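# Fold and geometry: a report
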Amino acid sequence: MKTYDAIVIGAGPGGYPCAIRLAQLKQKVLCIEKENVGGVCLNWGCIPSKALISAAHLYEKSQAGAAMGIKVSGVELDANKMQDWKEGIVKKLTGGVGSLLKGNGADVVNGTATVVGPKRVDVTRADGSVEQFEATKAIVIATGSTTIEIPTFKFDGDTIIGAKEAVSLRRVPKRLMVIGGGVIGLELGMVYQAFGAELIVVEALPELLTGVDPDCTKIVERKILKRGGTIHKNAKALGYEKQKDGSVGVKIQADGKEQTIVVDTVLVAVGMRPSSKGLGLEKVGVTVDQRGFVPTDKFCRTNVPSIYAIGDVSGPPLLAHKATKEGEIAAEVIAGHKAEKDWVAIPGAIFTDPEIATVGLTEAEAKAKGLEVSIGKFPFSVLGKAMAMNETEGFVKIVADKKTKQVLGVHIVGPEASTMISEASLSLEMAAFLEDLSLTIHPHPTLGESLMEAAAHAMGAAIHIANR
Ligand SMILES: Cc1cc2nc3c(=O)[nH]c(=O)nc-3n(C[C@H](O)[C@H](O)[C@H](O)COP(=O)(O)OP(=O)(O)OC[C@H]3O[C@@H](n4cnc5c(N)ncnc54)[C@H](O)[C@@H]3O)c2cc1C
């Protein structure tokens with residue numbers, strides 16, 4: 001039996017940084033992965049979806065240049081070439097992760113891991129052989145999550161698909177139904193909508209992107225409708241029937257009425273489920289909650305002292321940067337350093353068109369906490385840089401404590417929202433006040449000026465818009 005200081009199960013954005021940091025801290029570490037290193041994020045999540053999104057933007061922008069005096073004709077998408085390009089990126093990045101693990105001195109084994117003791121792991125290889133490993137200090141569960149399948153919409157890999165297939169389509173469906181108006185459904189739905197698909201969104205809840213500031217969601221919704229899409233809220237997809245021509249008639253129930261909508265492809269994006277089953281966790285006494293998440297303390301430890309859990313499997317938000325941060329923290333704790341989950345807020349970026357990015361409390365959340373708030377809002381429609389980019393939809397909204405003026409939350413919808421949110425995250429981590437943001441000189445002309453102006457607006461001191 002081979003012995004390591006620590007064994008990490010899973011090589012996604014939680015597991016691989018955890019293994020790298022452990023190796024950097026001079027720990028003998030093994031990382032076990034049953035599929036490809038990089039996990040969901042690199043292989044069929046974050047990176048592939050963002051590659052398609054940027055292709056969709058280019059496609060759309062290339063046709064929208066007329067107002068700027070640029071006439072383009074005959075813009076065509078070669079979906080095969082786009083997929084080849086995307087796969088090239090995935091290969092480069094996953095290859096990079098493999099090299100980083102090796103370069104830092106972490107061992108990698110390909111196989112399926114099962115926890116067989118508080119410090120023991122069995123790995124089943126592709127050929128069926130089983131190898132045994134022992135950890136002197138810790139085992140880290142970083143097994144991530146998998147797509148939820150609805151029994152009435154079983155994936156067939158072609159017509160009824162999940163996100164994994166949706167990022168690899170080598171065709172643009174003529175009519176695409178997305179079941180689930182969450183982040184993944186809207187991001188991918190809008191990609192194919194930009195390429196010409198008729199998009200139909202079916203969401204069971206009263207709003208799309210539940211939990212996001214509704215003012216932000218409204219802007220994205222408007223774009224979906226403007227491009228000819230349809231949104232059914234409070235609607236349930238009941239089932240489907242295959243038609244002779246290969247299309248599917250999907251029965252939905254909305255506002256108490258049933259109707260059938262004929263589409264070519266159905267993307268089921270109702271959420272992700274933690275991968276905690278079949279790992280042997282229950283047998284070694286690790287608590288798994290009702291939803292399948294593995295609860296941890298602020299040191300990423302489960303109830304079994306030698307077993308840690310990080311990333312999607314340890315609970316929401318199911319985001320890559322949350323997984324990575326936890327991976328680093330777990331590694332440092334295992335190596336005997338002082339570290340814990342002590343962040344103020346985790347930012348979220350939604351790569352719809354336009355993008356939404358948020359950090360901290362929404363206006364509604366702050367009010368629900370009994371806080372009196374000041375709101376500052378600055379629209380991109382009056383910002384020089386946004387006009388120069390010909391991307392003027394959206395705004396920056398800042399929520400601050402009315403009495404102390406401390407920034408509680410920032411919500412951005414518009415161009416480069418995902419990039420701009422990092423400054424807002426720093427503001428929250430540094431416990432910034434509105435003055436800190438508004439007194440910081442932001443270069444002109446840039447999209448970032450909107451943060452400075454929104455902060456000033458919350459204090460009644462914006463220069464480029466009227467202060468209410
Ligand atoms: C379409 C899509 C788009 C997304 N876009 C974004 C985005 O833009 N930004 C963002 O922050 N997040 C995004 N996410 C979420 C992000 O992918 C996850 O939060 C992130 O991958 C979680 O990392 P993880 O390390 O916890 O798990 P995972 O990435 O799921 O990795 C877990 C790894 O463990 C392996 N594994 C599981 N069980 C075993 C076992 N028994 N033995 C060995 N190996 C095992 C799996 O094969 C997998 O490689 C997206 C997700 C999807 C599906």
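Residues numbered from 1 in each chain as written. Predicted model: local features only at pLDDT ≥ 70, side-chain atom pairs only at ≥ 80, totals over all residues. Heavy atoms only, no water.

## Details of the sheet that holds strand 14 (residues 257–263)
We count it as follows: Strands qualify as paired when DSSP identifies two bridges or more between them. By definition, any uninterrupted DSSP run of H or I lasting at least four residues is a helix, any uninterrupted run of E lasting at least two residues is a strand, and each is numbered from the N terminus. Angles here are taken between N-to-C directions and fall from 0 to 180 degrees, while the axes themselves are lines fitted to C-alpha atoms, restricted in helices to the stretch in contact.
Pairing in this open sheet of 3 strands is antiparallel, and the strands run 12-13-14 from one edge to the other. Two strands in the sheet have a free side with no partner beyond their single neighbour: strand 12 (235–242) and strand 14. Each strand of the sheet is rotated relative to its neighbour by a mean of 25°, with strand direction disregarded. Pairing geometry for strand 12 and strand 13 (residues 248–254), over 7 bridges, is antiparallel. Bridged to lysine 236 within strand 13 is glutamine 253.

## Examining the state of the cysteines
Under the convention used in this document: Pairs of cysteine sulfur atoms within 2.5 Å are what we label disulfides. Relative accessible area decides the class of each residue, using a 1.4 Å probe on protein chains only: under 20% of the type maximum gives buried, over 50% gives exposed, and in between gives partly exposed.
Taken as a whole, this structure holds 1 disulfide when the rule is applied. Each disulfide pairs two cysteine sulfurs, and for cysteine 41 the partner residue is cysteine 46, the sulfurs being separated by 2.3 Å. Taking the sign of the S-S torsion, about -125° here, the bridge from cysteine 41 to cysteine 46 comes out left-handed. Note on cysteine 41: relative accessible area 12%, which makes it buried. On the basis of relative accessible area, cysteine 46 is assigned to the partly exposed category, the value being 27%.

## A closer look at the sheet that holds strand 21 (residues 395–401)
Ordered by their spatial adjacency, 5 strands build an open sheet running 18-19-22-21-20, and the pairing between neighbours is antiparallel. Because the sheet does not close on itself, it has two edges, and the strands there are strand 18 (348–350) and strand 20 (373–379). Pairwise comparison of adjacent strand axes, ignoring direction, gives a mean angle of 10° for this sheet. Examined bridge by bridge, strand 18 and strand 19 (residues 355–360) share 3 bridges and lie antiparallel to one another.

## So, unusual backbone geometry
Here the residue pair proline 316 and proline 317 is connected by a cis peptide bond, since its omega of -5° sits within 30 degrees of zero. Tracing the sequence through the fold places proline 317 in the loop between strand 17 (307–309) and helix 8 (320–334). With an omega dihedral of -5°, the bond running from histidine 444 to proline 445 counts as a cis peptide bond. Take proline 445: it is sitting in the loop between helix 12 (434–439) and helix 13 (449–458). At alanine 431, a position not held by glycine, the phi torsion is positive, near 55°. By secondary structure assignment, the location of alanine 431 is in the loop between helix 11 (417–429) and helix 12.

## Let's talk about the nonpolar core
Heads up, the rule is: The criterion is simple. A nonpolar core is a set of buried Ala, Val, Leu, Ile, Met, Phe, Trp, Tyr and Cys residues joined through side-chain atoms within 4.5 Å.
One finds Leu267 and Ile356 to be the most contacted residues of the largest nonpolar core, which totals 39 residues. Broken down by secondary-structure element, the contributors of at least two residues to this core are helix 3 (46–63), helix 5 (163–166), strand 9 (175–179), helix 6 (183–194), strand 10 (198–202) and helix 7 (214–226). Element by element, the count of residues in this core is highest for helix 6, at 6 residues.

## A short note on the side chain of aspartate 122
Going by this rule: Working convention for charge: Lys and Arg count positive, Asp and Glu count negative, and His plus the chain ends are omitted. Here a salt bridge means any side-chain nitrogen of Lys or Arg lying within 4 Å of a carboxyl oxygen belonging to Asp or Glu. In this analysis, two residues are considered to be in contact whenever any of their non-hydrogen atoms come within 4.5 Å of each other.
Examined against the element boundaries, aspartate 122 turns out to sit in strand 5 (residues 120–124). At 4.0 Å, arginine 120 is the nearest oppositely charged side chain to aspartate 122, a buried residue that forms no salt bridge. For aspartate 122, the contacting residues outside a window of four places in its chain are Thr112, Ala113, Thr114, Val116, Val130, Glu131 and Gln132.

## Brief notes about the environment of valine 304
By the secondary structure assignment, valine 304 is in the loop between strand 16 (272–274) and strand 17. With 19 residues separating them in the primary sequence, valine 304 and glycine 285 have C-alpha atoms 6.9 Å apart. Look past the residues within four positions of valine 304 in its chain and what remains in contact with it is Pro118, Val284, Gly285 and Val286.

## What about the pattern of salt bridges?
Going through the model one piece at a time under the given rule, you end up with 28 salt bridges. The salt bridge involving arginine 170 is made with aspartate 84; its shortest N-O contact spans 3.1 Å. Of this pair, arginine 170 sits in the loop between helix 5 and strand 9 while aspartate 84 sits in helix 4 (residues 79–103); the two residues are 86 residues apart in sequence, bridging distant segments of the chain. One salt bridge connects aspartate 215 with lysine 397, and the closest N-O pair in it is separated by 3.2 Å. Linking aspartate 215 in helix 7 with lysine 397 in strand 21, this pair joins segments that are 182 residues apart in sequence. By sharing partners, the salt bridges in this structure join Asp213, Asp215, Lys218, Glu363, Lys367, Lys377 and Lys397 into a single network.

## Observations regarding the packing of helix 6 against helix 7
The condition is simple: Under this scheme an angle from 65 to 115 degrees is roughly perpendicular, one under 35 degrees roughly parallel, and one over 145 degrees roughly antiparallel; angles in between are oblique. Crossing chirality is assigned from the near helix's rotation relative to the far helix, an anticlockwise turn below a right angle marking it left-handed and a clockwise turn marking it right-handed.
Relative orientation of the contacting elements helix 6 and helix 7 amounts to 30°, with a least axis distance of 11 Å. Considering their axes alone, helix 6 and helix 7 lie roughly parallel with respect to each other. Judged by the twist between their axes, the crossing of helix 6 over helix 7 is left-handed. Between helix 6 and helix 7, the contacting residues are Leu186, Met190 and Gln193 on the first element and Val220, Lys223 and Ile224 on the second.

## Things to note about the UniProt feature "domain: Pyridine nucleotide-disulphide oxidoreductase dimerisation" (unreviewed entry) in the protein
To keep it simple, the criterion reads: UniProt positions are given in the numbering used here, feature names are shortened, and annotations may be inferred rather than shown by experiment.
Summarizing the sequence annotation, UniProt attributes the feature "domain: Pyridine nucleotide-disulphide oxidoreductase dimerisation" (unreviewed entry) to residues 346–455 in the numbering used throughout. Span residues 346–455 is 35% helix and 28% strand, its end C-alpha atoms 20 Å apart.

## Quick notes on the site of the ligand
As a reminder, the rule being used: Think of it this way: one heavy atom of a residue within 4 Å of a molecule or strand is enough to make that residue near it. Any pair of N or O atoms that falls within 3.5 Å is considered a polar contact. Within protein, one atom must be able to donate a hydrogen and the other to accept it, and sequence-neighbouring residues count only if both atoms are side-chain atoms. For accessible areas, the Shrake-Rupley method is used with a probe of radius 1.4 Å. Any residue's cover is judged against the shown protein chains and nothing else. Throughout, the ten residues Ala, Val, Leu, Ile, Met, Phe, Trp, Tyr, Cys and Pro are labelled nonpolar, Asp, Glu, Lys and Arg are labelled charged, and all others, Gly among them, are labelled polar.
By nearness alone, 38 residues border the ligand, and Gly14, Glu33, Lys50, Asp312 and Ala320 come closest of all. One nitrogen or oxygen atom from the main chain of lysine 34 is found 3.2 Å from a nitrogen atom belonging to the ligand. The backbone of cysteine 41 places a nitrogen or oxygen atom 3.4 Å from an oxygen atom of the ligand. Relative to its unbound accessible area of 1,000 Å², the ligand is 93% covered by the protein chains. Here the residues of the shell around the ligand sort into 18 nonpolar, 15 polar and 5 charged.

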